[in-house]
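# Observations on the model geometry
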Amino acid sequence: MGTRHRLHTDGQMGGGAILLITLAVVALFASVANSAAVMSVDLGSEWMKVGVVSPGVPMEIALNKESKRKTPTTIAFRNGDRVFGEDAQTLGVRFPSNSFGYLVDLLGKTIDNPMVDLYRKRFPYYDIVEDPVRKTVVFRVGEDQYTIEELIAQLLQVAKSYAEDSTGQLITECVLIVPGFFGQAERTALVSAARLANLKVLQLINDYTAVALNYGIFRRKEINETAQYFLFYDMGAYKTSAAVVSYQLAKDKATRETHPVVQVLGVGFDRTLGGLEMQVRLRDYLGKEFNKMGKTKTDVFTNPRAMAKLFKEAGRLKNVLSANTEHYAQIEGLLDEQDFRLLVTREQFEGLCKDLYDRVTAPLDKALAASGLALDVINQVVLFGGNTRVPKMQDILRTHIGQELAKNLNADEAACMGAVYRAADLATGFKVKKFITKDAVLFPIQVVFDREGESGATRQVRRTLFGAMNSYPQKKVITFNKHTDDFEFTVQYAELESALKDATGTIGSIDLARVKLSEVAKKLKSSVAENVESKGIKAHFMLDDSGIFSLANVELVLEKTVTKEDDEDESTFQKIGNTISKLFSGDSTDKPEKEKVSEGAEKEEYESAEAGKEGKEAKEQEQQEAEDKQSTTKGKETDAPKDTKADGKDDAGEAGKKAEEGTEPKNATVKPKIVTLKETIPSKVELTYVAPLDGELFEASAKRLSALDEVDNAKKRRETALNALESFVIDAQVKMDEEEYASCGTEEEIASIRKRCSEISEWLYEDGTDADAETYETKLEELRSVANEVYARHWEHEERPQALNALKQMINGSEGFLRNARNLTKDSNPEKDVFTAVEIETLEKAIRSTIEWRDTEVAEQEKLARNAPVRLTVKDITDRMGMLDREVKYLVNKLKLWRPKVKPTPPPKPEKTADKEGEKEDGAGKENPAEPVLEQTPESDGTTETGSEEPSVEQIDPTATQKDGEEGSDHTEL
């Protein structure tokens with residue numbers, strides 16, 4: 001019994017522990033699910049698409065408030081209000097200088113950038129001024145000014161709200177899509193804008209890379225060890241680009257797993273060729289034609305509102321002419337209340353853009369040339385981007401490549417869906433099938449520094465860090481082994497002529513950063529000694545997966561030659577400390593002997609450590625590292641005693657004893673160990689391109705956006721309060737005319753409600769039009785206090801029948817349980833005396849009193865009118881149900897925990913042997929105390945020595961006991 005009870009108790013504890021663990025795991029996954037949703041934003045020049053993914057929900061496009069899948073990237077301000085998307089476009093037709101669009105390409109640009117000049121030419125009605133500190137673009141609207149980062153941040157906030165409405169979760173992480181030709185200034189500016197929007201950027205992904213990823217994840221089965229080449233061609237609103245990519249299965253060296261890899265091999269682009277330029281030319285053509293009609297003396301180009309109308313109509317006309325050969329342009333009240341109507345053919349439109357069509361194939365040819373591949377090895381040319389739908393453009397490309405174009409991608413959403421897959425891969429709350437992406441460097445980055453020659457003359461040295469079309473992310477290291485004093489070097493773009501040709505000014509500053517190193521001489525003087533040699537100053541650079549360059553750290557590398565005597569002098573605590581340091585740092589300080597670098601060498605040592613270990617140099621470096629590790633291991637073995645076999649042997653010689661004692665033979669040659677030491681060199685990085693929005697400027701921008709958010713929240717609160725008040729007034733007036741509600745109130749109450757509703761309705765349309773949210777909320781509470789009494793009575797009369805029905809079912813279940821419980825008392829069933837007579841009587845009284853109370857209260861309530869105060873409330877009924885439920889539950893729990901008593905087993909009797917039977921009979925039944933008594937446990941057949949059956953011991957099963965107590969009962973467990 002004791003063992004059985006202990007096992008049962010352990011089972012209960014184990015079940016409880018399992019339940020707690022399960023609840024903890026569920027809570028963990030619930031918390032992860034609540035914070036795991038991520039989004040991607042395709043922030044195009046004209047349209048914005050938002051992709052979302054959340055636990056249990058596949059990747060999808062978030063809808064905007066109009067339930068559309070894309071939103072115009074337009075923001076407008078008017079009279080303190082802020083609107084986005086289509087509302088901003090509509091407002092922009094009436095007030096062009098207050099509505100801002102096509103903003104993305106202004107990121108990271110100074111006011112004198114050629115792209116800013118082009119923007120001013122296209123939209124002359126904007127008031128653009130210079131930021132006095134950063135020299136960047138600032139839009140001025142009356143007395144308010146907005147930086148380009150602030151405008152982009154507000155658009156990202158809108159994207160975030162769409163994503164949160166779609167997933168029902170808070171979103172803080174995202175992947176943003178950028179054009180591949182974005183440089184360091186543009187990328188860092190976009191990251192700053194995301195920070196203003198309270199978003200953490202997991203990655204900036206190039207648009208063609210996102211499209212290639214989306215194309216690959218749905219064709220994973222077609223990818224094998226043989227490289228397959230595709231060319232993705234994009235023509236958007238602002239730019240045109242082409243990228244050659246390869247798909248191939250590759251084995252991960254770390255995990256030894258095989259994953260598909262998409263790698264960008266070549267890129268070509270034209271950052272001013274797009275649908276916007278076509279639309280602007282069509283707008284100007286329509287304006288000239290209107291002036292020719294002579295309907296007014298005012299020049300249409302001098303009127304911003306008329307130009308905004310022409311621009312909107314030109315966009316509509318461009319889209320229609322993509323599917324039709326001709327169409328009418330028509331605008332009512334274009335200028336001076338004069339209407340405009342003109343028939344435009346597709347041929348005329350193509351004539352306006354003839355020089356643009358001549359540039360269509362150039363990005364494709366540049367991408368092929370950069371990849372080093374011929375057109376015949378390209379499997380398909382895949383189109384994406386909204387303006388690839390233009391028939392003329394497709395004909396030019398088809399003729400140029402001599403094959404059909406692939407149109408099996410969603411031209412608008414492909415990039416967004418690829419980026420959201422990448423976001424799920426980078427986020428912590430998802431597990432997706434691995435698909436590796438390798439992007440390519442468009443603008444090479446180099447290091448420039450001065451070095452003094454033998455003659456004493458200083459000359460400038462250039463070393464390329466990240467070459468054109470090098471894959472990234474990757475790391476590089478440059479070693480300066482000639483500098484013994486503080487010095488500086490510059491990081492800048494290189495070979496831009498090949499990538500940008502005549503448009504090098506669009507990228508802004510050629511210099512990226514100036515790095516100043518200090519304490520070089522001090523570190524060298526304190527570190528270099530007789531057995532310590534300097535191996536130069538190593539600068540570690542990083543190009544992350546967002547394409548943003550950074551200096552990781554700078555350190556002085558030293559090699560210390562450690563002899564046996566030095567090693568022995570090292571204290572035990574120092575050895576322990578060094579061992580622990582190696583464990584946590586992962587660096588091995590033991591190095592084999594290396595050849596010293598000649599002091600007369602003229603060239604700086606240059607090391608490159610690419611992340612992917614690509615190319616012949618990377619392979620050789622990897623092989624050399626493996627050999628170094630092997631030689632290091634051999635060196636360690638050499639330093640240790642060699643005669644380890646002498647341990648434990650009786651015939652061991654003198655050498656074996658010395659080995660055991662830690663000494664070495666006299667003729668042994670010990671190679672000195674080489675220990676690598678590293679000293680951090682202080683470095684100061686000064687960015688020389690457009691400074692990112694940071695520090696006090698960032699805080700000021702954040703305050704301005706916070707103020708705008710407060711205004712929007714106050715506006716939403718006022719609108720919500722106004723709608724709630726209007727809805728309640730109308731609803732109350734309708735209900736007071738219905739007999740169902742009117743019967744629940746007295747004549748005075750009904751008249752008071754109607755009067756109050758009429759007063760508030762008149763106030764809303766007269767003096768209350770400009771009231772604030774607090775006033776609306778106060779009046780709503782006043783009206784509710786008058787009407788709630790009638791509404792409460794109506795609710796009681798509607799809900800009371802259901803509550804009484806529930807009470808009836810509970811009474812029936814309790815009575816059934818009581819009938820079964822009477823059979824589990826000591827008087828009726830001594831073997832199963834679960835309940836006492838007092839407990840049975842208490843339950844019986846509770847049931848009887850509940851029935852009497854119900855019958856009495858129902859009868860009294862039926863005597864009352866519907867508009868009289870309610871006597872029998874739903875709460876009274878639920879309270880009675882709660883009382884009865886507690887009584888039944890007490891007995892049910894007692895039944896579950898009850899265990900029957902087990903009768904004790906009778907003690908075993910001594911065994912009678914044949915040799916002693918006669919002696920026992922002669923001795924009149926007396927036992928001989930000198931003889932041992934043999935005892936035997938009873939047989940399991942259940943019989944005694946006399947042959948009569950012994951009562952069997954009942955085997956207790958907790959689950960069976962519970963079932964026995966519940967069988968045949970029709971009570972309801974509550």
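Residues numbered from 1 in each chain as written. Predicted model: local features only at pLDDT ≥ 70, side-chain atom pairs only at ≥ 80, totals over all residues. Heavy atoms only, no water.

### Here we look at the nonpolar core
F139, I152, F232, Y233, F489 and F541 are the most contacted members of the largest nonpolar core, which has 183 residues in total. Counting residues per element, this core draws most heavily on helix α4 (residues 148–167), at 10 residues. Dropping the residues within four chain positions of it, F139 is found in contact with F100, L103, L106, Y119, Y126, D127, I128, D144, Q145, Y146, I148 and L151. Within the second largest apolar cluster, 26 residues are counted, among which are I840, L872, I877 and V892. (Core = buried A, V, L, I, M, F, W, Y, C linked by side-chain atoms within 4.5 Å. Buried < 20%, exposed > 50% of the residue type's maximum accessible area, 1.4 Å probe, protein only. Helix = DSSP H or I, 4+ residues; strand = E, 2+ residues; numbered from the N terminus. Contact = heavy atoms within 4.5 Å.)

### Quick look at the sheet that holds strand β9 (residues 137–141)
On the basis of which strands lie adjacent, the open sheet formed by three strands has the order β8-β9-β10 and antiparallel pairing. With one partner strand each, in any of the chains shown, β8 (128–130) and β10 (144–147) form the two edges of the open sheet. Between one strand and the next, the sheet's axes are offset by a mean angle of 40 degrees, whatever the strand orientation. Two elements, β8 and β9, share three bridges in a ladder whose sense is antiparallel. Counterpart to V129 in the pairing with β9 is V138. Each of β9 and β10 is contacted by α4, which is oriented at about 80 degrees to β10, the strand it contacts most. (Pairing = 2+ DSSP bridges. Axes fitted to C-alpha atoms, helices over the stretch in contact; angles between N-to-C directions.)

### Comments concerning the packing of aromatic side chains
Tallied over the entire structure, the rule returns 33 aromatic pairs. Ring geometry for Y125 versus Y126: centroids 5.1 Å apart, planes at 75 degrees, classification edge-to-face. Judged by its relative accessible area of 15%, Y125 is buried. Taken together, the ring pairs connect F77, F100, Y102, Y119, F123, Y125, Y126, F139, Y146 and F311 into an aromatic cluster. Over the aromatic face of Y328 sits the side chain of R341, whose NZ or CZ is 3.9 Å from the ring centroid. Looking at K779, its charged tip hangs above the ring of W763, at a distance of 4.7 Å from the centre. (Phe/Tyr/Trp six-rings, centres within 6.5 Å; stacked < 30°, edge-to-face > 60°. Lys NZ or Arg CZ within 6 Å of the ring centre and 35° of its normal.)

### Some details on the packing of α4 against helix α20 (residues 695–736)
As a packed pair, α4 and α20 sit with axes 11 Å apart at the nearest point and diverge in direction by 45 degrees. Accordingly, the angle class assigned to the pair α4 and α20 is oblique. Our pair here, α4 against α20, has a crossing hand that is right-handed. Residues E150, A153, Q154 and Q157 of α4 touch α20, and the partners they reach there are S701, R704, L705, L708 and D709. For the contact of α4 with α20, the residue count by class is three nonpolar, three polar and three charged. (Parallel < 35°, antiparallel > 145°, perpendicular 65-115°, else oblique. Left-handed = near helix turned anticlockwise from the far one by under 90°. Nonpolar A, V, L, I, M, F, W, Y, C, P; charged D, E, K, R; others polar.)

### A closer look at the side chain of K523
Of note, K523 is situated in helix α15 (residues 520–527). If near-sequence neighbours (up to four positions away) are discounted, K523 is found in contact with L556, E679, T680, I681 and P682.

### With respect to helix α6 (residues 207–217)
The element α6 is extensively covered by neighbouring structure, given that 11 of its 11 residues are classed as buried. Listing the buried residues of α6 in full gives D207, Y208, T209, A210, V211, A212, L213, N214, Y215, G216 and I217.

### Some words on the side chain of N64
Among the structural elements, N64 can be located in the loop between β3 (57–61) and β4 (71–72). At a separation of 2.7 Å, a polar atom in the side chain of N64 contacts the main-chain amide nitrogen of K68. A polar atom in the side chain of N64 sits 3.5 Å from the backbone oxygen of K70. Beyond its immediate chain neighbours, meaning those up to four positions away, N64 contacts K70, T71 and Y162. (Polar contact = N/O pair within 3.5 Å; in protein donor to acceptor, adjacent residues only side chain to side chain.)

### A word on the environment of L249
By the element assignment, L249 lies in strand β14 (residues 240–251). As for L249 and I436, which are separated by 187 residues in sequence, their C-alpha atoms are 9.6 Å apart. Residue contacts for L249: discarding those within four places in its chain leaves I223, N224, E225, T258, H259 and P260.

### Observations regarding α4
Here α4 is 20 residues long and its end C-alpha atoms lie 29 Å apart, about the 28 Å a rise of 1.5 Å per residue gives. Buried residues dominate α4, accounting for 16 of its 20 residues. One or two residues past the end of α4 sits G168, with phi positive at roughly 70 degrees. (Expected span 1.5 Å × (residues − 1).)

### Thoughts on the environment of D87
By the secondary structure assignment, D87 is in helix α2 (residues 85–94). The spatial distance from the C-alpha of D87 to the C-alpha of A76 is 8.3 Å, given a sequence separation of 11 residues.

### Some thoughts on the sheet that holds strand β21 (residues 458–466)
If you walk across this open sheet you meet the five strands as β21-β20-β24-β25-β31, and the pairing is antiparallel. Whereas interior strands pair on both sides, the edge strands pair on one side only; in this sheet they are β21 and β31 (683–687). When strand polarity is set aside, the average angle formed by the axes of neighbouring strands in this sheet is 25 degrees.

### A word on the packing of helix α5 (residues 184–196) against α20
Axis angle and axis distance: for two packed helices, these are the angle between their axes and the distance between the axes, and together they describe the pair. Between α5 and α20, the least distance of the axes is 10 Å, while the angle of their chain directions is 45 degrees. Between α5 and α20, the angle falls in the class oblique. The hand of the α5/α20 crossing is right-handed. Counted together, S192, R195 and L196 of α5 and F698, S701, A702 and L705 of α20 form the full contact between these two elements. Residues belonging to the contact of α5 with α20 are distributed by class as follows: four nonpolar, two polar and one charged.

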